[in-house]
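Listed below, chain by chain, are the residues.
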Amino acid sequence: MNAEVEVEGVTKRFADTLALNEVSFTVGQGEVLALLGPNGAGKTTLIRVLTTLLKADSGRARVAGLDVREDARAIRSLIGLAGQYATVDELLTGRENLELIGLLYHLDKAVYRRRAQDALERMSLTGAGDNLVKTYSGGMRRRLDLAASLIARPPVLFLDEPTAGLDPRTRNDLWQLVSELVAEGTTVLLTTQYMEEAEHLADSITVLDAGRVAAEGTADQLKDRLGGNVLEVRVTRREDLERAASLIAGLGRDAPRLDPKERRIGMPVQGGPRELIAAGRALDDSGIALDELGVRRPTLDDVFLALTSSPPQATVLTGAAE
Amino acid sequence: MTDLTTRPGGPPPQLSLRLALRDVGGITRRNLLRIIRTPQLLFMSVLQPTIILLLFRYVLGGAIRVPGIDYVDFVVPGIFLEAVLIGGMTTALALAQDLQAGMIDRFRSLPMARPAFLAGRTLADLSRSILALGFLIGLGVLVGFRFHASIGACLGGVALIIAFGYAMTWVYAAIGLTVKDPQTAQMAAILPMFILFFASSALVPVATMPGWLQPFARNQPATVTINAVRALFEGGPVFHDLWQALAWCAGILAVFFVTSLSLYRRATA
């Protein structure tokens, strides 16, 4: 399969921070790759490099077989970009927005007029097509933004956090649209902070952390990489949380993660049943009351937490390991 | 152009002048639609010079004597210039807004001609300035201003005001792309307007200003342009002022076109 996006050792420095550090990966034609990472991991910087908005300090990147440095303008006619912030003009109608973008892609007038109409229908915006965008809801704007990025039918599509801030229903609609595009052969590179989104849409996932590739593979490969299972404990009384964690810490392959709000402890373990029984016995012997005790397969969240340096706020890493 | 998904292969079509002008047309139209749909901004850009005109015609003008010319004929051309300067301020504001909203990212990711985005911005703002100028010429005549020279010279004077205003929109473009924040852009854009308009021969003769200010006030572009415009409206020798004014316009345009374009290429919100 041809690589539609090739990134090789791309590095970008801003003042004293290394935004991208020797990043390399490829996306095959017709594939979806999710760039997963916390805020500040370098996802948007990478998208900006690949969409010719920003020049990398070093390294090489090719999109649709063209070099982002040398063939920037040619690349621009072969890509679509839908942003984190719905970049549509509030004071134009939906149709005017689409037609303007079509014109600027240098499509013929008859072509962009017809496609704008098609796009409005496809995005269920027909009724609102001639209303000013400032009257649109967030979900409508996002759909219009996506439609605008598709008006030239580009073979490569870049989606920078396409569903950030959308309600679940609108998000599902957008996922559906992206899946349709992929079925038609579009190559998609999307950034996201949501594991669920990466798992749902992507053929492969590249985890970015602090500017470097922390891991890559399919969702299952990433989970296997973490190995084993996750032991989960939910204590009845919040004040038991720390003590429970230190009691079972010796059973894990990694330090237990505490979620005080949920009174929950999650800990990667090598095996499963044996650790479950040992943990149950140890906790019962010390008289700690439990609401839940179990073993589950790791989720992509667990992978993400294990691989990246900045865990979500709710999780507290303890130094309770042996 | 085909209706099929474009595939790489073969060199991309060269960006012809025709396509570049079509880009400029598309962006200009977008900005004109925005102007029409925010009539309150259009109204404000006419209101401000109207107030200054009435203030200097009726409130302060009675106390100002300018040898050899009626004060109304002296001050009104200055206000015309102010009207195009204040029109340019919205260029800075609009560009900062587009930058923050991510519109500039979107446009820069398209195969459109790079200068077309700024050209479309400045041309739309120029159209609005011309509209405001038309209104103020009518108002000026109403309060007693008269053209004394040939129709050709007078049209030349109006054209010079427009040319100066257009050159200045590129200064405002550079300001907008530098400060990046709409509120700051609005404040920052007032500065050149204040300096160029108040420290010029627009409202009072330069000879009445303190000695330390005179060298600047006498030679800065707004004064030179206003003097040329007055000479064109009044009839009389214009050659010296005119070529200097045109040189300023050309110089400002050239320097700030290049500056703004370079800022646009590297723009990040």
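The shown structure was predicted, so the numbers you read here are calculated from the model rather than taken from an experiment.

## Re the overall build of chain A
When its secondary structure is counted, chain A shows 11 helices and 15 strands. Looking at the 322 residues of chain A, the share that counts as buried comes to 47%. A separation of at least 24 residues holds for 70% of the contacts in chain A among residues at least 6 apart in sequence.

## Focus on the overall build of chain B
Of regular secondary structure, chain B possesses 10 helices and 0 strands. In chain B, the succession of α and β elements from N to C terminus is α-α-α-α-α-α-α-α-α-α. Scaling as 2.2 N^0.38, a compact globule of 269 residues should have a C-alpha radius of gyration of about 18 Å, and chain B matches this with 20 Å. Dimensions of chain B, computed from C-alpha atoms along their principal axes, come out at roughly 70 × 35 × 35 Å. Residues counted as buried form 45% of the 269 residues belonging to chain B.

## Structural notes on the nonpolar core
A general trend in soluble globular proteins is that nonpolar side chains are found buried together. Core analysis: the largest hydrophobic core is formed by 153 residues, its most contacted members being Ala34(A) and Ile151(A). It is helix H3 (residues 71–101) of chain B that contributes the most residues to this core, 17 residues altogether. Each of domain 1 (3–223) and domain 2 (227–317) of chain A contributes no fewer than three residues to this core. In this structure Ala34(A) touches Leu190(A), Thr192(A), Ala198(A), Leu201(A), Ala202(A) and Ile205(A), once residues within four positions along its chain are discounted.

## Examining the domain arrangement of chain A
Residues and elements named next belong to chain A. One can read the domain layout of chain A as domain 1 (3–223) and domain 2 (227–317). Each of domain 1 and domain 2 has a C-alpha centre, and these two points are 37 Å apart. The partner domain 2 presents 11 residues to the 14 residues of domain 1 that form the contact. Among the secondary structure elements, those contributing two or more residues to the side of domain 1 that touches domain 2 are helix H7 (195–201), strand E9 (204–209), strand E10 (212–217) and helix H8 (219–226).

## Description of helix H9 (residues 221–234) of chain B
In an α-helix, one turn spans 3.6 residues; hence positions three or four apart end up facing the same way. If you check H9(B), its first and last C-alpha atoms are 20 Å apart, about what 14 residues at 1.5 Å a residue would give, namely 20 Å. Positive phi appears at Gly235(B), one or two residues downstream of H9(B), with a value of about 80 degrees.

## Quick word on the interface of chain A and chain B
Contacts between the two partners involve 32 residues from chain A and, on the opposite side, 28 residues from chain B. Every element with two or more residues in the side of chain A that touches chain B is listed here: helix H2 (72–76), strand E6 (79–82) and helix H3 (94–104) of chain A. Ranked by residues supplied to the side of chain A that touches chain B, first place goes to H3(A) with 5 residues. Of the residues contributing to the side of chain A that touches chain B, the split by class is 19 nonpolar, 7 polar and 6 charged.

## Regarding the sheet that holds strand E4 (residues 58–63) of chain A
All names here are of chain A. If you trace the 4 strands from one edge of the open sheet to the other, you get E2-E1-E4-E5, paired in antiparallel fashion. Edge positions in the open sheet fall to strand E2 (17–28) and strand E5 (66–67), since each of these has one partner strand only. For strand E1 (residues 3–14) and E4, the ladder comprises 5 bridges, and the chain directions are antiparallel. Residue pairing for E4: Thr11 is matched across the bridge by Ser58.

## Some thoughts on the environment of Ile175(B)
Residues and elements named next belong to chain B. Here Ile175 is to be found in helix H6 (residues 151–179). Along the backbone, Ile175 and Ala188 are 13 residues apart, and their C-alpha atoms lie at a distance of 7.2 Å. For Ile175, the residues in contact, after removing those within four places along its chain, are Ala92, Ala185, Ala188 and Ala189.

## Some thoughts on unusual backbone geometry
Residues and elements named next belong to chain A. Although it is not a glycine, Thr52 sits at a positive phi angle of roughly 65 degrees. One non-glycine residue, Glu161, lies in positive phi territory at about 45 degrees. Locating Glu161 in the fold gives a position in the loop between strand E7 (156–160) and helix H6 (168–183).

## Concerning the sheet that holds strand E3 (residues 32–36) of chain A
For sheets, the rule is that strands pair by backbone hydrogen bonds, running either parallel or antiparallel. All names here are of chain A. Read from one edge of the open sheet, 6 strands run E6-E7-E8-E3-E9-E10, paired in mixed fashion. Among the strands making up the open sheet, the edge pair consists of E6 and E10. If you compare each strand with its neighbour and ignore which way they point, the axes differ by 15 degrees on average. Its contacts with the sheet put helix H1 (residues 43–50) on E3, E7, strand E8 (187–192) and E9, and the angle it makes with E7 is roughly 150 degrees.

## Re the environment of Trp248(B)
Residue and element names in this part refer to chain B. Among the secondary structure elements, Trp248 is positioned in helix H10 (residues 239–265). The exposure class assigned to Trp248 is buried, which follows from the 21 C-beta atoms found within 10 Å. Spatially, the C-alpha atoms of Trp248 and Gly152 are 22 Å apart, while their sequence positions differ by 96 residues.

Basis of the calculations
Residues numbered from 1 in each chain as written. Chains lettered and ligands numbered in written order. Predicted model: local features only at pLDDT ≥ 70, side-chain atom pairs only at ≥ 80, totals over all residues. Helix = DSSP H or I, 4+ residues; strand = E, 2+ residues; numbered from the N terminus. Buried ≥ 20, exposed ≤ 12 C-beta atoms within 10 Å, placed from the backbone. Contact = placed C-beta atoms within 7 Å. Rg over C-alpha atoms; globule rule 2.2 N^0.38 Å. Core = buried A, V, L, I, M, F, W, Y, C linked by C-beta atoms within 7 Å. Domains from an automatic or database assignment. Expected span 1.5 Å × (residues − 1). Nonpolar A, V, L, I, M, F, W, Y, C, P; charged D, E, K, R; others polar. Pairing = 2+ DSSP bridges. Axes fitted to C-alpha atoms, helices over the stretch in contact; angles between N-to-C directions.

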